[in-house]
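Residues per chain are reported as follows:
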Amino acid sequence: MSPVFVGVAGGSGSGKSSLTRALKRRHPDRISVVQHDAYYRPLDEAQRAAVEVHNFDHPDALETARLCRDLDALAQGRSVHVPRYDFATHTRLPEGDWEQVRPAPWVLVEGILVLVDADLRRRFDKGIFVDAAESVRVAR
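The structure displayed is predicted, hence computed values, not measured ones.

Caption draft 1: Up close: the packing of aromatic side chains. Tallied over the entire structure, the rule returns 4 aromatic pairs. Here Tyr-40 and Phe-87 contribute two aromatic rings whose centre-to-centre distance is 6.0 Å and whose plane-to-plane angle is 85 degrees, an arrangement assigned as edge-to-face. Taken together, the residues Tyr-40 in the loop between strand S2 (31-35) and helix H2 (45-49) and Phe-87 in the loop between strand S4 (85-86) and strand S5 (91-92) connect sequence positions 47 residues apart. With centroids separated by 5.0 Å and ring planes inclined at 70 degrees, the aromatic side chains of Tyr-85 and Phe-87 adopt a geometry described as edge-to-face. Residue Tyr-85 is classed as buried on the basis of its relative accessible area, which comes to 9%.

Caption draft 2: Inspection of the pairing of strand S7 (residues 106-110) at higher detail. In terms of residue burial, S7 counts as a mostly covered element, since 4 of its 5 residues are buried. Looking at chain direction, strand S1 (residues 4-10) and S7 are connected through 5 bridges and run parallel. For Val-4, the partnering residue across the bridge sits in S7 and is Trp-106. Bridge count between S2 and S7: 5 bridges; the pairing is parallel. By the bridge assignment for S7, Gln-35 is matched with Glu-110.

Caption draft 3: View of unusual backbone geometry. For His-90, which is not glycine, the phi torsion reads 60 degrees and is therefore positive. Residue placement: His-90 occurs in the loop between S4 and S5.

Caption draft 4: Inspection of the sheet that holds S7 at higher detail. Across the sheet, which stays open at both edges, the 4 strands sit in the order S2-S7-S1-S8 with parallel pairing between neighbours. In this open sheet, the two strands that pair with only one neighbour each are S2 and strand S8 (126-130). For this sheet, the mean angle separating the axes of adjacent strands, direction not counted, is 20 degrees. Helix H1 (residues 16-26) contacts S1, S2, S7 and S8 of the sheet and is inclined by roughly 155 degrees relative to S2. The strands that helix H3 (residues 64-75) touches are S1, S2 and S7; relative to S7, the one it contacts most, it runs at about 170 degrees.

Caption draft 5: Seen up close, a nonpolar patch on the surface. On the surface, Leu-19, Leu-23 and Ile-128 cluster together into a nonpolar patch covering about 190 Å² of accessible area. Mapped onto the secondary structure, Ile-128 falls in strand S8.

Caption draft 6: Examining H3 more closely. With 12 residues, H3 should cover 16 Å at 1.5 Å per step; its first-to-last C-alpha distance of 16 Å lies within 8% of that length. Those residues of H3 not exposed but buried are Thr-64, Leu-67, Cys-68, Asp-70, Leu-71, Ala-73 and Leu-74. If you follow the buried residues of H3, they end up packed against S1, S2, strand S3 (80-82), strand S6 (99-101), S7 and helix H4 (118-121). Two residues or fewer past H3, Gly-77 is found with a positive phi of approximately 85 degrees.

How each quantity is defined
Residues numbered from 1 in each chain as written. Predicted model: local features only at pLDDT ≥ 70, side-chain atom pairs only at ≥ 80, totals over all residues. Heavy atoms only, no water. Phe/Tyr/Trp six-rings, centres within 6.5 Å; stacked < 30°, edge-to-face > 60°. Helix = DSSP H or I, 4+ residues; strand = E, 2+ residues; numbered from the N terminus. Buried < 20%, exposed > 50% of the residue type's maximum accessible area, 1.4 Å probe, protein only. Pairing = 2+ DSSP bridges. Axes fitted to C-alpha atoms, helices over the stretch in contact; angles between N-to-C directions. Contact = heavy atoms within 4.5 Å. Patch = residues over 30% accessible without salt bridge, like charges linked within 9 Å, V, L, I, M, F, W, Y side chains within 5 Å. Areas by Shrake-Rupley, 256 points an atom, 1.4 Å probe, with all protein chains shown as cover. Salt bridge = Lys/Arg side-chain N within 4 Å of Asp/Glu carboxyl O. Expected span 1.5 Å × (residues − 1).

Here is the structure:
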């Protein structure tokens, strides 16, 4: 039986990560979580030198096609190795340090842009948008 895939989106600071963590804590054996942030493309040396102008909120900043392939593998009952992105260096950790995600009855895919990409969105059985006022998001 294929997992139920749920896209969990919302603005920065909206509470989407808190929601997915709480659900995972409550049902650790029934839920796997994949964070879209793990799929940020590593920046090269020139991009890191000008990181203040890099748009991390643009869909091209993320390797969404790879995420789609990983979700397809989970749907087929195979575990995947999800990259670990180092936000301090704007690079990925070595592959040996990546997170193994196993298939589960429910797979939550969390990120600010998970409902933007049509190819990614079509993999979701359900979608959740966590709405929070901008003042709340900024305060968090």
